[in-house]
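Here are the chains, one letter per residue:
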Amino acid sequence: MPKGKVVYPWAFYVAVAANLVLFFSFQSLFSVLPLHIVSLGGSAADNGLATWVFALAALLARPLAGLLADRWDRKAILLCGALLFGGGPLLYAASSSVPLLLGARVVHGVGMGFFTTAYQALVAGLLSPDRYGEGLGLANTASVVTMAAAPLFGERVAMERGFEALFLVIGAIGGGGVLATLALPHQASDDRDAASPLLPGWGNLQGVWRRPEVRVGSLATVSYTHLRAHETSLHLVCRLLLE
């Protein structure tokens, strides 16, 4: 390969295309989902709750997705995430009440957590060590580019065809991302060392936990969180004055 010429494998471009399509589907909801929640009889608090449960589900799914991506086939984890992430809007179309919609948001959030985590691992495995920064930067631009058009697209479809039609359309778009994911090659992790009979990789976590700086830092974090959780208004005022 000539020096200075950047060449990525075909699977890299397919993965970026899958990421772009799935995030276009997801971001098409940004401007219309609050309106849909109101149409179901929800309140402003329900809008906030819908955002919170999605973010929490994605957050909790990421560690598990990372563990599975390191132990199993990364494409399998990516495909699982793509199915949930791309198919989430179809669950919205079937949700006739706010509680059902919140349940759909949880499934959608888990799909995002699985897909984005496995996506980073799989793309890194496709890159040569001297192209990690550049390759990952390019791989992550897709979700930023779609922000320019996806919300406008979602709002236009919802205004002309209604919410259910929008969910079906972007669910179909998400299906394109699933098909692109299916075209990717299988990719197993290089690190498959057995650690613990209870949970693969748990021994490595135990080794990290035995380090004094980790235990002290964790204790300080938990203690601070506990104090903040039980902070009264008087404590808050005093802390603000002291700061």
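Predicted, not measured: the structure shown is a model, and the values here were computed from it. (Residues numbered from 1 in each chain as written. Predicted model: local features only at pLDDT ≥ 70, side-chain atom pairs only at ≥ 80, totals over all residues. Heavy atoms only, no water.)

**Q** Would you take a moment to explain the overall build of the chain for this structure?
**A** Within the chain, the secondary structure is distributed over 12 helices and zero strands. The helix and strand sequence of the chain, counted from the amino end, reads α-α-α-α-α-α-α-α-α-α-α-α. Counting only residues that meet the buried cut, the chain has 38% of its 243 residues in that class. Considering only intrachain contacts with a sequence separation of at least 6, the fraction spanning at least 24 residues in the chain is 81%. With the model as given, the accessible surface of the chain reaches about 13,600 Å², and the carbon-plus-sulfur share is 70%. (Helix = DSSP H or I, 4+ residues; strand = E, 2+ residues; numbered from the N terminus. Buried < 20%, exposed > 50% of the residue type's maximum accessible area, 1.4 Å probe, protein only. Contact = heavy atoms within 4.5 Å. Areas by Shrake-Rupley, 256 points an atom, 1.4 Å probe, with all protein chains shown as cover.)

**Q** Is there a simple way to think about the pattern of salt bridges in this case?
**A** Pairing is possible between side chains of opposite charge, provided their charged atoms come close. Across all of its chains, the model carries two salt bridges by this definition. Linking R131 and E134 is a salt bridge whose minimum nitrogen-to-oxygen distance equals 3.1 Å. Measuring nitrogen to oxygen at the nearest pair gives 2.5 Å for the salt bridge that ties E160 to R156. Taken as a pair, E160 and R156 lie in helix α8 (residues 150-161) at a separation of four residues, close to a single helical turn. By relative accessible area, which is 53% here, R156 ends up exposed. (Salt bridge = Lys/Arg side-chain N within 4 Å of Asp/Glu carboxyl O.)

**Q** What am I meant to see in α8 here?
**A** It helps to recall that an α-helix has 3.6 residues per turn; residues three or four apart then point in one direction. The terminal C-alpha atoms of α8, which comprises 12 residues, lie 16 Å apart, in line with the 16 Å expected from a rise of 1.5 Å per residue. Taken residue by residue, α8 has A150, P151, G154, V157 and A158 as its buried positions. Down the axis of α8, the sector holding all buried residues measures 135°, keeping them to one side. In α8, the exposed residues that point more than 90 degrees away from the buried face are L152, R156, M159 and E160. In this structure, the buried residues of α8 make contact with α1 (10-27) and α9 (163-182). Note on α8: the residue one or two positions beyond its end, G162, has a positive phi of about 100°. (Expected span 1.5 Å × (residues − 1). Arc of directions from axis to C-beta.)

**Q** Is there a simple way to explain α9 in this structure?
**A** With 20 residues, α9 ought to run about 28 Å at 1.5 Å a step, and its terminal C-alpha atoms sit 29 Å apart, in line with that. In this fold, the buried residues of α9 make contact with α1, α2 (33-39), α4 (74-93), α5 (98-126) and α8.

**Q** What should I look at first to understand the nonpolar core in this one?
**A** Here is a general trend for soluble globular proteins: nonpolar side chains tend to be buried in one another's company. Residues F12, L78, F85, F115, Y119 and V123 are the most contacted members of the largest nonpolar core, which totals 30 residues. For this core, the secondary-structure elements that each account for two or more residues are α1, α3 (44-71), α4 and α5. The element contributing the most residues to this core is α5, with eight residues. One finds V53, L101, A158 and I170 within the second-largest nonpolar core, a separate group that totals 17 residues. (Core = buried A, V, L, I, M, F, W, Y, C linked by side-chain atoms within 4.5 Å.)

**Q** Could you clarify how one ought to interpret a nonpolar patch on the surface in this entry?
**A** A cluster of nonpolar side chains, L49, W52, L56, L59 and L60, forms an exposed patch at the surface whose accessible area comes to about 500 Å². Mapped onto the secondary structure, W52 falls in helix α3. Residue W52 is classed as exposed on the basis of its relative accessible area of 52%. (Patch = residues over 30% accessible without salt bridge, like charges linked within 9 Å, V, L, I, M, F, W, Y side chains within 5 Å.)

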